[in-house]
Amino acid sequence: AADSKLIVAMLPKSKGNAYFISCKAGADKAAKELGVQLLFDGPTDSNAAKQNEIVENWITLGVDVITVAAENKEGISTALRKAQKQGIKVLTYDADAMADSRSFFVNQATPQGIGQTLMDEAARLVGEEGEFAMIVGSLTAANQREWQKYVEARLKEKFPKMKLVAVRPCDDLKDKAQSESTALLSANPKLKLIMAICSPGVPGAAEAVKQAGLTGKVKVMGLGLPNENKRYVHAGVTDSVILWNTGDLGYLTIYAGVALAKDELKKGAKSFKAGSLGTFAIEGDNILLGKPFIFNQGNIDQFDF
Amino acid sequence: MSSPLLALRQLVKNYGGVRALRGVDFDLRAGEVHALLGENGAGKSTLIKIVTGAHAPDGGTITLAGQPVANLTPATARALGIACIYQQPALFPDLTVAENLAFRLDASAAHARVDWTARRARATSLLARIGAAISPETEVRALSMPEQQLVEIACALGSGARIVIMDEPTASLTQMEQHLLYAVVHDLRKNGVGVIYISHRLEEIFALADRVTVLRDGQSVGTHAVGDIDEAALIRLMVGREVAQIYPPAESIPGAPVLSLCGVGCTASGVHDVSFNVRAGEIFGLGGLVGAGRTELARILFGLTPADSGQITLKGETLHLRSPQEAVAHGIAYVPEDRRRHGVVLELPIAQNITMAVHQRLFPTTWLRFGAERALALDYIRDLAVKCAGPDAPGGSLSGGNQQKVALARWLATSPKLLILDEPTQGVDIGAKSEIHKIIRRLAQEGLAVIFISSDLPEVIGMSDRIGVMAHGTLSTILPGGSDPHTVMAAALGTAA
Amino acid sequence: MKRYFRELSVVGALLAVLLGLAWFAPAFFSPQPLLSLVTREAPTLVVACGMACVIITRQIDISVGSIFSVCSVCAGLLVARGWPLELVLPASVGLGALFGALNGFLVAVLRLPSIVVTLATMVTLRQGLNLIRQGEFVNLPDRVQWFGLSQTAGQLVLVGAALGLLVALAWAMRHIAAGRYLYAVGTDAEAARLAGIRPQLVTLLVFVFIGALTGLGAMMNLAQSPQVQPLTGNGLELKVIAAVVVGGVAISGGRGNLWGAFAGLLLLACVSPALTHLHVEAYWEKAVQGAIILLAVVADGLRSRQNNR
Amino acid sequence: MSPAAQAPAISNKARRDWRALLTRHEMLLLYVLIAEWLFFYFAGTSTNRRGVIVGFGTWDRQFDILRHSCEIGLLALALTPVIITAGIDLSVGSLLGLCAILFGKLWHDGGLPIPVAMGLTLGIGALAGALNAILITALRLPPLIVTLGTYSLFRGLAEAITRGSITYTDFPENFLFIGQERWLGLPTQAWIFISVALAVGLLLHRTTFGRAFRTIGLAPEGARYAGLPVERRLALVYVLAGLIAAIAAIIYTARLGQAKADAGTGYELFAITAVVLGGTSIFGGTGTIPGTLLGVAAIAVLKNGLACLPVVMRLNAAEEMSGLLTGALLLVALTASVLPKILSNLRPRRHTTTQSTPPLSP
Ligand SMILES: Nc1ncnc2c1ncn2[C@@H]1O[C@H](COP(=O)(O)OP(=O)(O)OP(=O)(O)O)[C@@H](O)[C@H]1O
Ligand SMILES: Nc1ncnc2c1ncn2[C@@H]1O[C@H](COP(=O)(O)OP(=O)(O)OP(=O)(O)O)[C@@H](O)[C@H]1O
Ligand SMILES: [Mg+2]
Ligand SMILES: [Mg+2]
């Protein structure tokens, strides 16, 4: 009992990913406010096997709360159940695991919500017609595959005049995203928009469009971080960058986790108050963060992460 | 003549335990051809490597034109005007002839410009001067052994060196190319160059050299003007003993033929039309000059380079050997000439080296039986009197002769029908040599058919029941054991005696 | 001609791909995108030149990707801190050379196998960088991109620099004595020693050289975009090794040249955009890359078998 | 020579062997492992808020370490014979991925029962190994390049077959048992790992096959001249590597409950590192299975132990630190292995023949 602080562990899908870095910023803030110790660790690349290893390590470390953005629903759940059996509280955020392996899911937006927002925003940018292409991190990253699936579903359902002409991977490398986008631009002269759903992809695509001299003619949008995209947004290359307020996601997750550990948050609760962010609705076992956030020229300078 | 071009005093060189040179003195004058003579392993090549800076001596002094030199490296040796044709061509197989010549001839700075036109021109003229029909643009790997040797000779010619060393330059040359070489040597001598000439062929020495120094067991046993000494005296100096005495005599009469060759040949290795047979209990010697194709023939018989013509019959069964495994399965054993690369795996224990070829018989279930292995190894260690710390000592810890015994033991363990020995006593000291001779004779006595390849003329004459002499890839004649060395040499040279 | 069969066959394959593209997807040849694509390969080409030298010397260096990343990030941080490019360039080259010297020391002086040594330095550098940067981008001031030139001018400068380097090195490999030393050492270090070359020194220097070129490549990459991603060199080692080998440089040393490596690099670099232009699904890319590498080595193997017959 | 005359020499030798044994690479590695373990035991174990002992020094943690090392351990076992023959196989990690998704596909899309799918997967692994083997032995191509090609090819096929996206999940409980539960006190897959280690160990150290591998690694030509079937033995080594990669793929799938095209990415590097750390020479000829196991253990303990250290946890850098330290450990081990030779070379009089530094004056 050397250190009587609560220990809350937070597992991102991939540690280097800017998305989760910003998430951690919010989490750090919450941890400070609540006076708990935050462990933040994850694979450097999205890797289900490593996630399991980290969770199991935390179990033997005897942390109080484990919060997880699951790379793989099935794989991680066994480990999470094991954690629960040892009296560790388990929350998921960003991407859910099996319902019985955690108490709550902090739902920042369902993959469906993300897919829809991405597609709707894309459609809005190009006036609901024309060709577009996607840049993904890797062909095997599960969350991105899911977002892509809902993007395509929304496309089919809502925007018959738009066409997804290609999906190219960039291995989470900005430089590769740029080469891929360059090739996409010349291979598809009618291309209206590039949508990048991994954070290095957005600046990569933007740089390609800029170099091709197509600024404004081909729109760039996607999931990314304000700081990585500011210069392109200001230059008018990138139109919108979509993100949940990931800082808030981290903040809310930590608050919920601590409340859970202190038995202040119980099954069946209808709402939850998280520090300075105010109250959030709970639907079943989903704590809802709210809609994704869209950064554009008007608001991007207000954020620094 | 004031001071000699090159003076070596009390040179000592050890390779691990082997004492290759034990205090050699040697002089070379300008404008002379000084032959260096000695048995295999006498230390000739070692001496040369010290003069060219390839190896550092462990003791002694080198004086060049009166100036003592220390810290000789290949680069400084070249700068001092020493050029060499190594026994094993030290050429770069991936590079062209022109470039190989340049590497050997130019001591340019690292940043110097390479003038390809000049290189080609020089290569063309050098090759033309020695009369070789080789394009300077061919890669050396595409050249035959004799052609590579010609390139080496061109190096020597073009070096403009004060001292040119030739280590068995004629080893793999044909008659015609030999004459080209002689012309080069004469040319060099005329220009005041000092030539050190190493050869096992005595007639060459008499034709070319002014003086001759004989090395024996790492020591110089005398320097003579060529006019003052005859062949017999030279051989006595080299061997230091009477030739005939030391070979164990045959005591039984050979039995039925074990191996018969009929017109065997292999285009890839240049062997053709070889026919002879070997009988049980017989030692069939294969003599000839280095490069005559004896090893290649042995490789054919061992399935390493499959024959593409003729017929090989072993105990009445016609064989089509395509791999060593097949040869071993048929009871053929081959102790190769390159002991360190092929004969013994230096890093492995003696026991494993001995049992390597009998895995299937010794370990029928593929499970190793260490006890049985050790017992077998100990048997042979005792039987062949291998001097070692035990069966677990690595092969590399043995002296050359004992390594050779281990290589022999490996094949004896297979209880072969035919044993091929390729230079089994090369680089082996006198004592071990006669032990090996006794073992071979004993094996023959026990009914084994033995093919005995040796470049050591007295040895092959003394050991063999019959001697097949090879020249230029084929068997030129078969002579009875104990024949006159001159007859054998004449057959080896392909000239009538 | 026969001597350059291998290089020519790669060039042939490259031409076939380009012809196919000209037929089925002429848009590939629109000048601006093509220039952008080629510019992106310029740093890779520089590193590939170094790799060709290393492999010709019968060594290998799999730490170039990590060195590339480290140099990129360090150079980026220096630039962001306001250092002038004239100082950052030598700093980056020097840093790369330093890492190369470490590899070279371990390989040449301690005589450790280069594949293991550079594996160890690769892992160490990569993880060290991860530890310090945690994946965070380095944002660069605007003056850096294209060295303050216009985009096209900048791209032309970079491509020109890479090609110039290639030509100069290819020339030097053939026409300067030191270049020939690499071949000599790679073919037979002992024979090289007998010919008066110092193989250990050559080995050490060739590692320093590839390190320096990697540092240079990192700078050429830095100049192409306003941000540096710490992962930027990931996978670079396999890319350049594959390119060099496909281009006919023998892994056993002593054979091959930079032009072949260049053709190999272009061939492999073409695959991805070609698939995009031919509208082939992206998931075939790695398989096609692997097949090309295998085809190249198999063709080589078959040919050398024939020659040995 | 009589046996009696030889006896003293041999027993003398045995005594020297005993001292040599204690300073063997494997023993040194064992000391490192023990030191590592003790360090983490004391620095990485603590009592938590609820008074429970947690961290490195718990049985759970030890079992987890074992569980997590099985796949890389298997690949290291596969690579040990390969490297002993002076070869290399870079494709094992990619093959793990390919086998994993083919296993998933056979079971899920093919509707085959799990055991049949397993059997077929092992066959596929062996076949893929055979592809390497054919290219390496029949065409005499360098293993590094061949397996660099198949490294890309196998991963590429895995992606192409699943179009990158398909993930096979919902495996039955009794299959997941292999990867997630314990059997007879140990994680189930540990038993498979131990069996494979035993099998490869026996093959390598107790059969004529292992003898042949070593001989080929030390002297390929010498092996040919000794009548050993060099090509067949080499082929066997690569086929075996493929087979073991397939076993690793099945265990991986069972541990995660999913089969996806990215399975095993980068594992080959860890496996090679473990093998080399374990004392196998990359030039071939030497190396042992105990050494490899110790190498795997040293890396696994380092990696997992670091994750239990408070200071590393605060830095959120377990993975980076372990990568960093593994690389450093490898460099140190390599340098240590040549240090005696270097030091003896520095002595003034030298008898070696291949030194290329300028000779000293006589
Ligand atoms: N690199 C080496 N390592 C160990 N021993 C060696 C080495 N080179 C030569 N020897 C040994 O040194 C002795 C002298 O060898 P050297 O090559 O000088 O003989 P040689 O007179 O040239 O014989 P040959 O006529 O066969 O060429 C031999 O016993 C040989 O085995
Ligand atoms: N006609 C030929 N064409 C190509 N190479 C040849 C030819 N004849 C001989 N050689 C090569 O010359 C070398 C010497 O030949 P080989 O070893 O058969 O001769 P040897 O009589 O056994 O002499 P040694 O005393 O060296 O054993 C071999 O490497 C062989 O490949
Ligand atoms: Mg000699
Ligand atoms: Mg011979």
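The following paragraphs examine the structure supplied in this document. No experiment lies behind these values; they were computed from the predicted model shown.

Considerations on the overall build of chain B
Working step 1: A count of helices and strands for chain B gives 18 helices and 20 strands.
Working step 2: Over its C-alpha trace chain B gives a radius of gyration of 24 Å, about what one expects of a compact globule, namely 23 Å for 497 residues.
Working step 3: C-alpha extents for chain B along the principal axes are approximately 65 × 50 × 45 Å.
Working step 4: In chain B, the proportion of contacts linking residues at least 24 apart, taken out of those at least 6 apart, comes to 66%.
Working step 5: Accessible surface, chain B as shown: approximately 18500 Å² in total, 53% of it carbon and sulfur.

Topic: the interface of chain D and chain A
Working step 1: Facing 38 residues of chain D, the contacting portion of chain A comprises 40 residues.
Working step 2: Carbon and sulfur atoms supply 43% of the area buried between chain D and chain A, which totals about 3200 Å² over both sides.
Working step 3: For chain D, the biggest contributors to the area lost against chain A are Arg49(D), Asn316(D) and Glu319(D); these three give 21% of the whole.
Working step 4: Put simply, chain D and chain A have nine residue pairs in polar contact (both at pLDDT 80 or more) between them.
Working step 5: Looking at the side of chain D that touches chain A, the elements that each hand over two or more residues are strand 2 (53-55), helix 3 (59-84), helix 11 (230-256), helix 13 (289-308) and helix 15 (318-346) of chain D.
Working step 6: With five residues, helix 3 of chain D is the largest single contributor of residues to the side of chain D that touches chain A.
Working step 7: Considered class by class, the residues forming the side of chain D that touches chain A number 10 nonpolar, 13 polar and 15 charged.

Considerations on the arrangement of the chains
Working step 1: When the five pairs of chains in contact are ranked by number of contacts, first place goes to chains C and D.
Working step 2: You won't find any contact between chain A and chain B; their C-alpha atoms come no closer than 37 Å.

Some words on the site of ligand 2
All names here are of chain B.
Working step 1: Surveying the vicinity of ligand 2 reveals 13 residues, the closest of which are Gly291, Arg294, Thr295, Glu296 and Glu337.
Working step 2: Between ligand 2 and Glu296 there is a distance of 3.0 Å, counted from an oxygen atom to a side-chain nitrogen or oxygen.
Working step 3: Between Glu337 and ligand 2, the recorded distance is 2.5 Å, taken from a side-chain N or O atom to an oxygen atom.
Working step 4: For ligand 2, whose free accessible area comes to 620 Å², the fraction covered by protein is 70%.
Working step 5: Here the element with the most residues in the shell around ligand 2 is helix 9 (residues 294-301); it accounts for three residues.
Working step 6: Here the residues of the shell around ligand 2 are counted per class, giving four nonpolar, five polar and four charged.

Parameters at a glance
Residues numbered from 1 in each chain as written. Chains lettered and ligands numbered in written order. Predicted model: local features only at pLDDT ≥ 70, side-chain atom pairs only at ≥ 80, totals over all residues. Heavy atoms only, no water. Helix = DSSP H or I, 4+ residues; strand = E, 2+ residues; numbered from the N terminus. Rg over C-alpha atoms; globule rule 2.2 N^0.38 Å. Contact = heavy atoms within 4.5 Å. Areas by Shrake-Rupley, 256 points an atom, 1.4 Å probe, with all protein chains shown as cover. Buried area = accessible area lost by both parts, 1.4 Å probe. Polar contact = N/O pair within 3.5 Å; in protein donor to acceptor, adjacent residues only side chain to side chain. Nonpolar A, V, L, I, M, F, W, Y, C, P; charged D, E, K, R; others polar. Near = heavy atom within 4 Å.

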